[in-house]
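# Inside the fold
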Amino acid sequence: GREETASLGPEVMHKVFEGAGWAAIRTSPRNPDDDIAFIFRSSRFGSVSHAHANNNDFILHVAGTALTTPSGYYIGYGSPHHATWVWHTKSHNCATLSDSSQKMRSFESTGEIVNSFENDDLVYFCGRADASYSHVAERYRRHVLYLKDQKAFVLIDEFVAKSGFPACYQWNIHTEHHVTMSHEDRTFAIDDAYGSNRQPKLLGTMMYPENCYWTLTDGWDPPPAVGVMGKDVPNQHHLKFSTGSLIEKVNLPVILRAEWAENPACEFEWRREEQANTAFLPNAEISVFTDGEELAKAMVKGCPYTINDNGIARTT
């Protein structure tokens, strides 16, 4: 992946800081009004000190507005809000398993970012956080695929439960902005709440055809100690997508499409096939398999790719 990225010169959109366990995608950093910024963490340093149990977490800005961020507030290190909300995986844009966190306050709660790749059409990397969930799962990985022309992310979560311990798989996202969702369509939208003239918006679709449901809540459990900082803190909204039953494994594809001002979100639809769920976008098609060594295949602007444990590769 490094040789491929290096060949792009100044047009590179992503950077992985392997030692620290951070990655970033910036589509137009010199023009923030038209920039998409995606920040991702999967770190080997554990969930100790000022770190949280949030490997494979992400933050997403659209046209200068932070539409998704981790939630909660730093109000007293180790306070009830800080210790049982902010440190917990549930307060981040991460997966929880039947409300169980990643390992908290643990040097063993580690992750890594691997297999980064970029060319003129896409960016790819993978966050491996198996160790963070090893008390409740055998495997948890989040694959990140950004399609440049489509201004769309394909996030693929891989979960395998520990033998004999199925779980409700929960996909969490947090924001200060307006949230709407559709149970029937398995979609959500986050709209700017502050009236930016760029009108940023994020459209999400969960490509999960089985029984499932949304939960949307406000505030925190427990709340921060209002007044410690000298003023009340802004409210936050928490959207959680849950499988409707206990499952032993899943490959969950999530499509995130950005929209702002004169840049409408790209068209999108998906369908369930016999052994895969397939997304259709302009000049791009991605199939995520329900089982097998090959996780996904993609066709982007006529070029075929496969995604597996070794990363993404062009095929012939």
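## A few points about the nonpolar core
- One finds Phe38, Phe153 and Trp171 to be the most contacted residues of the largest nonpolar core, which totals 50 residues.
- For this core, the leading source of residues is strand E17 (residues 249–259), giving five residues.
- Excluding anything up to four places from it in sequence, Trp171 contacts Phe58, Cys94, Arg142, Leu155, Asp157, Phe188, Met206, Leu239, Lys240, Phe241, Leu252 and Val254.
- With 27 residues, the next largest nonpolar core counts Val114, Cys126, Cys266 and Ile286 among its residues.

## Quick look at unusual backbone geometry
- Look at the link from Asp221 to Pro222: it is a cis peptide, with omega at 0°.
- Assignment of secondary structure puts Pro222 in the loop between strand E15 (212–218) and strand E16 (237–243).
- Although it is not a glycine, Arg105 sits at a positive phi angle of roughly 55°.
- One can find Arg105 in the loop between strand E6 (95–97) and strand E7 (112–118).
- For Asn115, which is not glycine, the phi dihedral falls at a positive 60°.
- Here Asn115 lies in strand E7.

The rules behind these values
Residues numbered from 1 in each chain as written. Predicted model: local features only at pLDDT ≥ 70, side-chain atom pairs only at ≥ 80, totals over all residues. Heavy atoms only, no water. Core = buried A, V, L, I, M, F, W, Y, C linked by side-chain atoms within 4.5 Å. Buried < 20%, exposed > 50% of the residue type's maximum accessible area, 1.4 Å probe, protein only. Helix = DSSP H or I, 4+ residues; strand = E, 2+ residues; numbered from the N terminus. Contact = heavy atoms within 4.5 Å.

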